[in-house]
Amino acid sequence: MRKSLLFLFILLVPDITRAQSTTAIKDALGRELILHGLNTSGSAKSDTAHMPWIKESDVEREHTQFGFNTVRLLIFWGAIEPEEGVYNEHYLAEVKKRVEWYTSRHMYVIFDMHQDVFGYGIGDNGAPPWAAAHDAVIKHLIPNKWPWWMKNLEPKIIKSYVQFFTYKKHKNRQQHYIACWQKVAGMFKDNPYVIGYDLMNEPHGGRVIKTLAGGFERRQLSAMYKRLIPAIRAIDTTHYIFFEPRSFGVNFGMSSHLPKVYDTPAGHPKLVYSAHCYLKFVDIGGDYKPKHVKEMPHWFAARDRELKKQQCPLMIGEFGLSPKKKDFDAYLHDLFRLADERHASWSYWSNDHGGWSPLKPDGAPTPILQELLRVYPQATAGHLLSYSYDPALKAFEMEFVSDSSIKGNTEIAVPRSLFPNGYKLVVTGTTPWASQADDRTNTLKISVTENRAHVVVKLSPE
Ligand code: IDC
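Bear in mind that the values here come from a model prediction, so they are computed numbers and not experimental data.

S.K.: Residues and numbers for the site of the ligand, please.
M.R.: Near the ligand there are 13 residues, and of these Lys45, His114, Asp116, Glu202 and Glu318 occur at the shortest range. In the environment of the ligand, an oxygen atom lies 3.0 Å from a nitrogen or oxygen atom belonging to the side chain of aspartate 124. One of the side-chain nitrogen or oxygen atoms of glutamate 202 is found 2.7 Å away from a nitrogen atom of the ligand. Here the ligand loses 75% of its free accessible area of 510 Å² to cover by the protein chains. Of the residues in the shell around the ligand, the class split is four nonpolar, four polar and five charged.

Okay, here's the thing in structure tokens:
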């Protein structure tokens, strides 16, 4: 009854449907996309060539066995412009090669301009040494056994962040960062499967109090985005721009103070709000205890408030934990359920060998992989109303309103290993419809001829 009322409402109020559909990531055909994939890779931070460990066969495996349609690919300002004004063309060519491993398979690439603890030489990775406020830190004051992000309390790191974000006094730093993004956008603007640019991994303002109190996001970060977004748009008007709130506290579930971010030109925003979910107890290595279960909905409630302001789709750009932690699977189930309710895309941290990774050093799966394999609507030819996947029953359900003007099928990822004995498909709400399973890519294509039909798709084990 409730569903039919909703359908009636959508039929009668076309403006509402349009307003909602601006909050989805769409492909060139106009289909609403949900992105699932891995951050690739943490290993690139310390690799001498800044390359992830992967080979092309690993990408093929993700594509044909895991049902992923996306990668959040780490790149580094320090690798692109190791010396001031000098681009490392060899690095960029190697990145391009890897990008094509994905995009030739029609997987989407999100570039993540990664940094942790400001940069190379001084903190951990990201900015080139010449962009820091100091020469290399000789002696770290923060003990190595503390969580890595505590190094953000080093005075020299604080000063480097402060200088980077104090534009008037140190214009040079941001101008180079912006030019570096323009270089990347210039190389990839014509690749339709490069879906977007994640402007800066986990922005941090340096001074902790100012960062936590909101001044950093309200002024410096917002101002930096106001310079960077139009500069990228001068080169590329089609790819999405993924922007992040500050990481400190927000990763745990605190509210962000980032003002509304605008795309240019106004009127056709192609923005995605990308936040990271690392709840406190997990970040410092604890189990998922009953007393923690409220923290996940709390994290999502903070993002809901921010999305009301930002009016764009949500991506959970990073989340992850050790499979050794008690109830790690319940943690992921809770996260995925809340993400699916919001049609949020995600990329798991990270695609590495061991640790939190879905893969062991010999390539065998860890228990994490089993949780990341999910049935989900990769592309919807119409307006997606809802979808859910129950990992215990392996039951998937989606509802959407068809749009016959879209020249493409609805595509659902169905990782084959979830259904060793096959699956049952039930489609209701429209006739005729047709389905076609692509066994190579593990996708199920559904085509509907009727326009504005309220279609329900259900899938469960045979
Ligand atoms: C972590 C890596 C770890 C490395 C550290 C510093 O897993 O091996 O020592 O970075 O380079 C983030 C960051 C992401 C972190 C990840 C997990 O964006 O780079 O990777 N994390 O700690 N923010 C919160 C957590």
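Still more to cover.
S.K.: Describe the packing of aromatic side chains, and please don't skip the residues or the numbers.
M.R.: Under the counting rule described, the total for this entry stands at 28 aromatic pairs. Taking 6.3 Å as the distance between ring centres and 70° as the angle between the ring planes, the aromatic pair formed by tryptophan 149 and phenylalanine 248 counts as edge-to-face. Taken as a pair, tryptophan 149 in the loop between strand S5 (108-113) and helix H6 (155-165) and phenylalanine 248 in the loop between strand S7 (240-243) and strand S8 (271-277) lie far apart in primary sequence, 99 residues in all. Within the aromatic cluster, the residues linked to one another by ring pairs are Phe66, Phe68, Phe319, Phe336, Trp346 and Tyr348. The ring of tryptophan 148 is capped by lysine 45, whose NZ or CZ atom sits 6.0 Å from the centre of that ring.

S.K.: Talk me through the domain arrangement of the protein; I want residue IDs and the actual numbers.
M.R.: Along its sequence, the protein is organised into domain 1 (1-30 + 375-462) and domain 2 (35-373). For domain 1 and domain 2, the distance between their C-alpha centres works out to 29 Å. In this assembly, 23 residues from domain 1 lie in contact with 25 residues from domain 2. Of the roughly 1900 Å² buried between domain 1 and domain 2 on both sides combined, carbon and sulfur atoms contribute 53%. If you sort the residues of domain 1 by the area they bury against domain 2, Ile25, Tyr376 and Tyr387 come out on top, with a joint share of 35%. Taken together, the connections running from domain 1 to domain 2 amount to one salt bridge. The closest approach of N and O atoms between arginine 440 and glutamate 60, which form a salt bridge, is 2.9 Å. The tally of links between domain 1 and domain 2 comes to seven residue pairs in polar contact (both at pLDDT 80 or more). Elements with a contribution of two residues or more to the side of domain 1 that touches domain 2: strand S1 (25-26), strand S11 (376-380) and strand S12 (382-390). The element best represented in the side of domain 1 that touches domain 2 is S12, accounting for six residues.

S.K.: Break down the sheet that holds strand S15 (residues 423-428) for me, citing the residues and quoting the values.
M.R.: Across the sheet, which stays open at both edges, the four strands sit in the order S12-S13-S18-S15 with antiparallel pairing between neighbours. The sheet terminates laterally at S12 and S15, the two strands that pair on one side only. Geometrically, the sheet is characterised by an average inter-axis angle of 10° between neighbouring strands, direction not taken into account. In the sheet, S15 pairs with strand S18 (residues 454-461) via six bridges, with the strands oriented antiparallel. Within S18, the position partnered with valine 427 by the bridge is valine 457.

S.K.: Explain the environment of glutamate 81 to me, and be specific about the residues and the numbers.
M.R.: Within the secondary structure, glutamate 81 sits in the loop between helix H4 (77-80) and helix H5 (89-103). Given a relative accessible area of 1%, glutamate 81 falls into the buried group. Along the primary structure glutamate 81 and cysteine 180 are separated by 99 residues, whereas in three dimensions their C-alpha atoms are 7.3 Å apart. Dropping the residues within four chain positions of it, glutamate 81 is found in contact with Val86, Tyr87, Pro128, Trp130, His176 and Cys180. Among the polar contacts listed, one links the side chain of glutamate 81 to the backbone nitrogen of glycine 85, at a separation of 2.7 Å.

S.K.: Any details on the confidence of the model for the protein? Residues and values, ideally.
M.R.: Per-residue pLDDT for the protein has a mean of 94; in total, 95% of the residues score no lower than 70. This stretch, residues 1-21, has a pLDDT under 50; its non-local contacts, to residues over four places away or in other chains, come to 20 contacts.

S.K.: How would you summarise the pattern of salt bridges if you had to cite specific residues and measurements?
M.R.: Scanning the model with the defined rule gives 25 salt bridges in all. The salt bridge partner of arginine 72 is glutamate 244, with a shortest N-O separation of 3.1 Å. With arginine 72 in strand S4 (residues 70-75) and glutamate 244 in the loop between S7 and S8, this pair connects stretches of sequence that are 172 residues apart. On the accessibility criterion, arginine 72 (1% relative accessible area) is buried.

S.K.: Describe the nonpolar core, naming the residues involved and giving the relevant values.
M.R.: In this structure, Phe111, Ile316 and Tyr331 are the most contacted members of the largest nonpolar core, which totals 115 residues. Considering every element that reaches this core, the biggest residue donor is helix H9 (residues 215-233), with eight residues. Both of domain 1 (1-30 + 375-462) and domain 2 (35-373) provide at least three residues apiece to this core. Setting aside residues no more than four positions away along its own chain, phenylalanine 111 makes contact with Leu73, Ile75, Val95, Val99, Trp181, Val184, Phe188, Val194, Gly196, Tyr197 and Asp198. Among the nonpolar cores identified, the runner-up in size contains 11 residues, and Ile25, Tyr108, Ile195 and Tyr240 belong to it.

Reading the values: the criteria
Residues numbered from 1 in each chain as written. Predicted model: local features only at pLDDT ≥ 70, side-chain atom pairs only at ≥ 80, totals over all residues. Heavy atoms only, no water. Near = heavy atom within 4 Å. Polar contact = N/O pair within 3.5 Å; in protein donor to acceptor, adjacent residues only side chain to side chain. Areas by Shrake-Rupley, 256 points an atom, 1.4 Å probe, with all protein chains shown as cover. Nonpolar A, V, L, I, M, F, W, Y, C, P; charged D, E, K, R; others polar. Phe/Tyr/Trp six-rings, centres within 6.5 Å; stacked < 30°, edge-to-face > 60°. Helix = DSSP H or I, 4+ residues; strand = E, 2+ residues; numbered from the N terminus. Lys NZ or Arg CZ within 6 Å of the ring centre and 35° of its normal. Domains from an automatic or database assignment. Contact = heavy atoms within 4.5 Å. Buried area = accessible area lost by both parts, 1.4 Å probe. Salt bridge = Lys/Arg side-chain N within 4 Å of Asp/Glu carboxyl O. Pairing = 2+ DSSP bridges. Axes fitted to C-alpha atoms, helices over the stretch in contact; angles between N-to-C directions. Buried < 20%, exposed > 50% of the residue type's maximum accessible area, 1.4 Å probe, protein only. pLDDT = per-residue confidence, 0-100. Core = buried A, V, L, I, M, F, W, Y, C linked by side-chain atoms within 4.5 Å.

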